[in-house]
Amino acid sequence: MECALRTDGQLSLENRLLNYTLHPKDPGLSIDFRGAVDERAASVLTELLARLNAQDVVLNMQLVEYFNSLGIRAWAGFIKQLAPGRTLAYTHCPPDFINQINMMPLLAQSVSILSFAAEFICPDCNHSQRESFDATQSKAGILAAFEKVSCSHCAAGMFPDEDPETILYFKNPKI
């Protein structure tokens, strides 16, 4: 992540405006997002909505680095306007975005989640690493995959940095 150190010692994401790249795919479109979903995201998302006419849209979230409450509000509005008449899917959802989805299920109400990442910690060497998972698997299948994660430094078994049930809340049946 490219950040600048402000004079008060805090990191600044001001140069990480949300942006995107469109990739036409037969029969739809893939959109790679990167940067920050923050208070400035609304204008970018409004401009993007005006450009979209594909019926099948995959939203690649892998390079989104930061989310704040105003950005999530703008994102929820974007999804609400984008969803009607379209098939939407998220791919490569970072842990922070999965946390947002778990707190605000509306973010994924009409969007399938195809893949996501979770952070793991090694109890032996304290190394942390991010692992990717297929979200189309059953919850039990993902939990089994969690148990197979090995440390890239010492090969010990790793544990998710959050409770697995909390991470996978988005897999719970909708009420």
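None of the values given here were measured: they were computed from a predicted structure.

Student: Before we move on, could you go through the sheet that holds strand E10 (residues 159–160) and cite the residues and values that matter?
Tutor: The three strands lie next to each other as E9-E8-E10, forming an open sheet whose pairing is antiparallel. The strands lining the two open edges of the sheet, one partner per strand, are strand E9 (128–134) and E10. Direction of pairing for strand E8 (residues 115–121) relative to E10: antiparallel, over a ladder of two bridges. Of the residues in E10, the one forming a bridge with Phe120 is Pro160. Strands E8, E9 and E10 of the sheet are contacted by helix H4 (residues 139–146), whose axis makes an angle of about 35° with E8.

Student: Which residues make up the environment of Ser128, and what are the values?
Tutor: Residue placement: Ser128 occurs in strand E9. Judged by its relative accessible area of 40%, Ser128 is partly exposed. Expressed as a C-alpha distance, the spacing of Ser128 and Glu39, which sit 89 residues apart in the sequence, is 30 Å. If sequence neighbours within four positions are ignored, Ser128 has contacts with Phe120, Ile121 and Met158.

Student: Outline the packing of aromatic side chains, supporting the account with residue identities and numerical values.
Tutor: If you walk through the whole model with that rule in mind, you get 12 aromatic pairs. When the ring of Tyr20 is compared with that of Phe33, the centres are 6.4 Å apart and the planes differ by 55°; the resulting orientation is tilted. Of this pair, Tyr20 sits in strand E3 (residues 19–24) while Phe33 sits in strand E4 (residues 29–37); the two residues are 13 residues apart in sequence, bridging distant segments of the chain. With respect to burial, Tyr20 and Phe33 carry one shared label: buried. Residues Phe67 and Phe97 carry aromatic rings whose centres are separated by 5.3 Å and whose planes lie at 20° to one another, so their mutual orientation is stacked. Of this pair, Phe67 sits in strand E5 (residues 56–67) while Phe97 sits in helix H3 (residues 95–103); the two residues are 30 residues apart in sequence, bridging distant segments of the chain. Of the two residues, Phe67 and Phe97, both sit in the buried class. Ring-pair connections join several aromatic residues into one group, and the members of that group are Tyr20, Phe33, Phe67, Trp75, Phe78, Tyr90 and Phe97.

Student: Hey, could you go over the nonpolar core for me, with residue numbers and the actual values?
Tutor: Side chains of nonpolar character tend, in soluble globular proteins, to be buried together. With 51 residues, the main nonpolar core has Phe33, Leu59, Met61, Trp75, Tyr90 and Phe116 as its most contacted residues. Considering every element that reaches this core, the biggest residue donor is helix H2 (residues 69–82), with seven residues. Not counting residues within four places of it along the chain, the set of residues in contact with Leu59 comprises Ile31, Phe33, Trp75, Ile79, Leu82, Ala89, Tyr90 and Thr91.

Student: Describe in detail unusual backbone geometry, supporting the description with residues and values.
Tutor: Between Asp26 and the following residue, Pro27, the backbone shows a cis peptide bond with an omega angle of 15°. Even without glycine at this site, Asn126 takes up a positive phi of about 70°. Note that Asn126 resides in the loop between E8 and E9. Backbone geometry at Ala155 places phi at a positive 70°, although glycine is not the residue there. Position of Ala155 relative to the elements: it lies in the loop between H4 and E10.

Student: Go over the state of the cysteines, please, and point to the residues and values.
Tutor: Note on terminology: a disulfide is the covalent bond linking the sulfur atoms of two cysteines. Throughout the structure, instances matching the rule amount to zero disulfides. Here Cys125 stays free of any disulfide, with the sulfur of Cys151 as its closest cysteine sulfur at 3.6 Å.

Procedures and definitions
- Residues numbered from 1 in each chain as written.
- Predicted model: local features only at pLDDT ≥ 70, side-chain atom pairs only at ≥ 80, totals over all residues.
- Heavy atoms only, no water.
- Pairing = 2+ DSSP bridges.
- Helix = DSSP H or I, 4+ residues; strand = E, 2+ residues; numbered from the N terminus.
- Contact = heavy atoms within 4.5 Å.
- Axes fitted to C-alpha atoms, helices over the stretch in contact; angles between N-to-C directions.
- Buried < 20%, exposed > 50% of the residue type's maximum accessible area, 1.4 Å probe, protein only.
- Phe/Tyr/Trp six-rings, centres within 6.5 Å; stacked < 30°, edge-to-face > 60°.
- Core = buried A, V, L, I, M, F, W, Y, C linked by side-chain atoms within 4.5 Å.
- Disulfide = S-S within 2.5 Å.

So, to be careful, I would describe these as geometric facts and stop short of saying anything about function.
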